[in-house]
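What the coordinates show
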Amino acid sequence: MYTQALNTREAIGPVEDPEHEARFQARVDGEEKVEPNDWMPEAYRRLLVRQISQHAHSEIVGMLPEGNWITRAPTLRRKAALLAKVQDEGGHGLYLYAAAETLDVSREELVEQLLAGKAKYSSIFNYPTLTWADIGAVGWLVDGAAIMNQIPLCRCSYGPYARAMIRICKEESFHQRQGYEIILTLSRGTAEQKAMAQGALNRWWWPSLMMFGPSDKESQHSDKSMRWKVKRFSNDELRQKFVDATVPQGLYLGLTFPDPELRFDEASGHWAFGAIDFDELRQVIAGNGPCNHERMKARRKAHDDGAWVREAALAYAEKRRSRRDTARAA
Amino acid sequence: MPRSAGRGGIPQERRELVTERNIPLWEVFIRSRNGLAHKHVGSLHAADSEMALQAARDVYTRRGEGLSIWVVPSAAIVASDPADKEVLFEPTASKVYRHPTFYEVPDEVGHM
Amino acid sequence: MTTIIAADAPLVQYALRLADNALVLGHRLSEWCGHAPMLEEDIALANIALDLIGQARPLYAYAAELEGEGRNEDKLAYLRDASQYRNVLLVEQPNGDFAVTIVRQFLYAAFMAPFWRLLAGSRDATFAAIAAKAEKEAAYHLRHSAEWLIRLGDGTPESHARAQAALDELWMYTGELFEADAIERGLIERGVALDPQTLRPEWDETVDRVLGEATLKRPPDGWMQTGGRTGRHSEHLGFILADMQFLQRAYPGATW
């Protein structure tokens with residue numbers, strides 16, 4: 001059950017408790033799910049809060065680049081599909097905030113962290129969607145990369161996170177197909193449309209590969225995360241899976257990947273690709289991507305503009321309660 | 001992420017003073033088909049019960065998942081303590097006579 | 001592919017009026033996506049927008065079929081200019097703050113919920129079928145917007161003031177909902193269209209009840225704006241269409 005009240009810090013126990021920790025690890029090793037009010041190491045709780053809230057923030061910020069094209073979608077069918085898709089991302093953010101809230105933080109706190117610039121979200125959403133083809137590329141590549149990450153999370157050791165991910169993956173299944181269909185239509189269209197599709201692939205390919213994070217050699221949180229079965233595969237493993245799945249899809253479209261080193265390696269059975277510019281990733285994460293400022297500005301504006309609405313809803317709820325109490329007393 | 005003042009319209013200093021009141025959390029239960037029990041599907045935030053019900057409809061039944069919704073304030077749920085798991089649930093493990101397979105009925109008697 | 005002019009047959013025009021109302025309001029609501037006051041409401045507004053876009057599509061398809069010019073929903077939506085659009089002025093008004101959006105939705109839904117309910121009995125089978133589906137959607141839109149309006153009106157002094165201001169601002173667009181011109185009168189006589197005047201008592205009753213609960217004042221029925229249904233729009237529609245039709249205009253004849 002997802003309740004805040006049950007997850008007081010005291011219930012989680014002292015941070016250093018080798019006996020509890022050993023028992024906890026044994027449960028995790030035995031593939032038993034950890035539930036909200038179970039004992040858990042403080043570091044496990046913190047790791048989850050960070051990861052789940054970053055994931056939630058990514059869904060919410062991710063609504064912006066795609067939402068950008070809802071009013072300009074070229075047909076009514078595309079308009080409805082895109083709106084439903086971006087709405088889904090909002091829903092996914094909601095499920096994830098709720099999962100994080102089982103760990104003794106409120107959504108309000110998490111949102112504050114995002115708006116104050118203290119929390120991170122996926123670097124990919126700091127890139128602009130410049131043409132309609134970008135909507136196709138985001139669905140095909142960005143959602144495709146996200147699915148690679150998310151499917152193993154359905155088996156994550158923390159119950160509420162795993163359950164949220166199962167629901168998300170189920171809903172997500174139309175997103176990538178929606179994107180691929182857009183790109184496919186463009187790549188079969190006029191010369192201008194084909195150029196639009198190629199341009200989108202050129203701009204989104206490398207940032208999509210960066211979504212898997214730094215290479216395994218540099219990743220900070222991986223060890224613990226793997227030991228606690230929050231994470232099941234390393235960044236590089238997932239990235240390779242994504243490349244192997246995506247390259248044939250791109251070739252089918254008749255598009256070219258912006259990587260001269262991309263080639264199929266018969267010996268390993270995998271697609272080999274060129275070096276990723278991790279400096280660009282570091283810059284985008286540090287706030288220097290093309291749209292970091294705009295994205296945060298849009299989130300802050302929505303939050304600030306909505307404050308009076310949330311206040312009104314709370315004020316009305318209080319009035320209603322006190323009226324009911326008065327009526328009962330009378 | 002840069003934290004410069006005023007980017008969202010409100011200067012950083014003011015933002016930290018405005019502590020937002022939490023909107024209550026609700027647990028959502030949905031009956032997917034007639035005859036089935038309501039099942040917990042997730043949570044949401046709403047200021048009151050009517051808004052919680054509408055939000056539950058809008059968030060959790062977008063793909064035809066439900067025929068009936070319950071919303072319950074999360075704070076109203078009383079849960080057992082996981083530390084009591086052994087005390088509460090292990091004693092039943094030895095009561096094998098509560099299960100039909102404990103009893104022997106000859107095959108000739110047929111299904112019972 | 002250049003700008004098109006829809007056939008002026010009454011049935012076509014009637015379908016377009018209903019379709020344009022739904023599409024333009026759906027488009028407006030979709031502008032909220034990612035920017036609503038809280039996540040739950042972001043999802044709720046998108047649901048309403050999707051319902052409205054979903055209502056528009058079969059109406060356009062029907063208009064295209066009646067025209068018999070080989071057009072489809074997208075040609076009618078994306079290739080008519082503002083003067084060919086037939087929606088009421090109310091639905092094209094900008095989102096404003098959340099109070100404006102909710103008041104606009106409420107005033108419209110209070111009209112459309114009974115409208116679709118009664119149109120479900122139309123002698124025209126296509127209108128009847130579309131109405132039967134839209135009726136349930138509009139009833140929920142009314143419920144959702146009414147509950148919000150009550151909370152805004154009876155919430156804080158700020159929300160009350162914003163809700164009252166929105167109501168005062170949008171009231172002059174409500175008169176147009178109840179107009180019927182020569183195009184419609186013939187259809188009304190044949191039992192195909194609905195005389196909007198018959199919805200007046202129910203609309204008044206809904207509006208008065210909700211405004212009462214919201215502690216808001218019903219504005220006096222002063223001068224009412226009109227013209228949308230014959231193509232004389234406010235300045236806002238041109239911008240909506242500039243956005244909406246951009247790709248179809250910039251790449252004529254392409255398939256998307």
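Everything quoted here is computed from the prediction, not taken from an experiment.

Let's talk about the overall build of chain C
- A tally of regular secondary structure across chain C gives eleven helices and zero strands.
- Ordered by position from the N terminus, the helices and strands of chain C form the series α-α-α-α-α-α-α-α-α-α-α.
- Over its C-alpha trace chain C gives a radius of gyration of 18 Å, about what one expects of a compact globule, namely 18 Å for 256 residues.
- Expressed along its principal axes, the backbone C-alpha trace of chain C runs to roughly 55 × 40 × 30 Å.
- A total of 256 residues make up chain C; the buried ones form 62% of that total.
- In chain C, once contacts between residues fewer than 6 apart in sequence are set aside, the share between residues at least 24 apart is 80%.

Observations concerning the side chain of D42 of chain C
- When you line up the elements, D42 of chain C lands in helix α2 (residues 39-67).
- Buried charged residue D42 of chain C carries no salt bridge. Nearest counter-charge: R299 of chain A, at 5.3 Å.
- A polar contact of 3.2 Å, which involves the side chain of D42 of chain C, links it to the backbone nitrogen of H35 of chain C.
- The contacts of D42 of chain C, once residues within four sequence positions are left out, are M63 of chain A together with W32, C33, G34, H35 and A36 of chain C.

Comments concerning the environment of K85 of chain B
- As for its position among the elements, K85 of chain B is in helix α3 (residues 85-89).
- Taking the relative accessible area as the measure of exposure, K85 of chain B reaches 44% and is therefore partly exposed.
- C-alpha separation for the pair K85 of chain B and Q54 of chain B, spaced 31 residues apart in sequence, amounts to 36 Å.
- Sequence-distant contacts of K85 of chain B, that is, excluding residues within four places in its chain, are made with E32 of chain A together with E90 of chain B.

Looking at helix α11 (residues 278-288) of chain A
- Those residues of α11 of chain A that sit buried are F278, L281, V284 and G287 of chain A.
- Of the surrounding secondary structure, the elements contacted by the buried residues of α11 of chain A are α8 (191-210), α10 (235-253) and α12 (292-329) of chain A.

Thoughts on helix α5 (residues 107-115) of chain A
Residue and element names in this part refer to chain A.
- R107, E108, L110, V111, L114 and L115 are the residues of α5 that are buried. Mapping the buried residues of α5 onto a view down its axis gives an arc of 160°, with all of them on the same face.
- Within two residues after α5, G117 carries a phi angle of roughly 80°, on the positive side.

Some remarks on the interface of chain A and chain B
- On the chain B side, the residues contacting the 48 residues of chain A number 38 residues.
- Carbon and sulfur atoms supply 52% of the area that chain A and chain B bury against each other, a total of about 3800 Å² over both sides.
- One can count nine salt bridges joining chain A with chain B.
- Two residues, R21 of chain B and E311 of chain A, come together in a salt bridge whose shortest N-O distance is 3.1 Å.
- Taken together, the links from chain A to chain B amount to eleven residue pairs in polar contact (both at pLDDT 80 or more).
- At the level of elements, α4 (76-101), α5, α7 (159-187), α11 and α12 of chain A are the ones that each hand at least two residues to the side of chain A that touches chain B.
- A total of 16 residues in the side of chain A that touches chain B trace back to one element, the largest contributor, which is α12 of chain A.
- Residues belonging to the side of chain A that touches chain B are distributed by class as follows: 19 nonpolar, eleven polar and 18 charged.

Here's the deal with the sheet that holds strand β2 (residues 39-45) of chain B
Residue and element names in this part refer to chain B.
- Here we have three strands laid out as an open sheet, ordered β2-β1-β3, and antiparallel in their pairing. Strands at the two margins of the open sheet, each flanked by one partner only, are β2 and β3 (68-73). Neighbour-to-neighbour, the strand axes of the sheet open up by a mean angle of 30°, direction not taken into account.
- Judged from the six bridges that link them, strand β1 (residues 25-31) and β2 form a sheet pairing that is antiparallel. Considered in β2, the bridge of F29 is made with H40.

Focus on a nonpolar patch on the surface
Residue and element names in this part refer to chain B.
- Side chains of V96, Y97, F102 and Y103 sit close together on the surface and give an oily, nonpolar patch of about 420 Å² of accessible area.
- Structurally, F102 is set in the segment after α3.
- Here F102 falls in the partly exposed class, since its relative accessible area comes to 44%.

Focus: the packing of helix α5 (residues 98-119) of chain C against helix α9 (residues 200-213) of chain C
Residues and elements named next belong to chain C.
- The N-to-C vectors of α5 and α9 enclose an angle of 140°; their axes lie 9 Å apart at closest approach. Judged on the interaxial angle alone, α9 and α5 are oblique. For α5 against α9, the interelement crossing comes out right-handed. Of the residues in α9, those touching α5 at F106, L107, A110, F111, P114 and R117 are E202, W203, T206, V207 and V210.
- Taken together, the residues of the contact of α5 with α9 sort by class into eight nonpolar, one polar and two charged.

So, the pattern of salt bridges
All names here are of chain A.
- Scanning all chains against the criterion turns up 50 salt bridges over all chains.
- Between K229 and E31 there is a salt bridge, and its shortest N-O distance comes to 3.6 Å. On the criterion of sequence distance, the pair formed by K229 in the loop between α9 (222-227) and α10 and E31 in the loop between α2 (18-29) and α3 (42-67) is long-range, its members being 198 residues apart.
- Overall, the relative accessible area of 43% leaves E31 in the partly exposed class.

Concerning the interface of chain C and chain A
- Across the contact, 48 residues belong to chain C and 47 residues belong to chain A.
- Buried area between chain C and chain A, summed over both chains or domains, comes out near 4000 Å², and the portion from carbon and sulfur atoms is 68%.
- Of all residues in chain C, L39, D154 and W256 of chain C bury the most surface against chain A, accounting for 17% of the area lost on that side.
- The tally of links from chain C across to chain A stands at three salt bridges.
- In this structure, R107 of chain A and E40 of chain C form a salt bridge, with 2.6 Å as the shortest nitrogen-oxygen distance.
- Between chain C and chain A we count 17 residue pairs in polar contact (both at pLDDT 80 or more) in total.
- Counting only elements with at least two residues in the side of chain C that touches chain A, the list comes to α1 (10-30), α2, α3 (73-78), α5, α6 (125-153), α7 (157-170), α10 (236-244) and α11 (246-250) of chain C.
- Broken down by element, the side of chain C that touches chain A gets its largest block of residues, eleven residues, from α2 of chain C.
- In terms of residue class, the side of chain C that touches chain A is made up of 25 nonpolar, ten polar and 13 charged.

So, how was this worked out
Residues numbered from 1 in each chain as written. Chains lettered and ligands numbered in written order. Predicted model: local features only at pLDDT ≥ 70, side-chain atom pairs only at ≥ 80, totals over all residues. Heavy atoms only, no water. Helix = DSSP H or I, 4+ residues; strand = E, 2+ residues; numbered from the N terminus. Rg over C-alpha atoms; globule rule 2.2 N^0.38 Å. Buried < 20%, exposed > 50% of the residue type's maximum accessible area, 1.4 Å probe, protein only. Contact = heavy atoms within 4.5 Å. Lys, Arg positive; Asp, Glu negative; His and termini not counted. Salt bridge = Lys/Arg side-chain N within 4 Å of Asp/Glu carboxyl O. Polar contact = N/O pair within 3.5 Å; in protein donor to acceptor, adjacent residues only side chain to side chain. Arc of directions from axis to C-beta. Buried area = accessible area lost by both parts, 1.4 Å probe. Nonpolar A, V, L, I, M, F, W, Y, C, P; charged D, E, K, R; others polar. Pairing = 2+ DSSP bridges. Axes fitted to C-alpha atoms, helices over the stretch in contact; angles between N-to-C directions. Patch = residues over 30% accessible without salt bridge, like charges linked within 9 Å, V, L, I, M, F, W, Y side chains within 5 Å. Areas by Shrake-Rupley, 256 points an atom, 1.4 Å probe, with all protein chains shown as cover. Parallel < 35°, antiparallel > 145°, perpendicular 65-115°, else oblique. Left-handed = near helix turned anticlockwise from the far one by under 90°.

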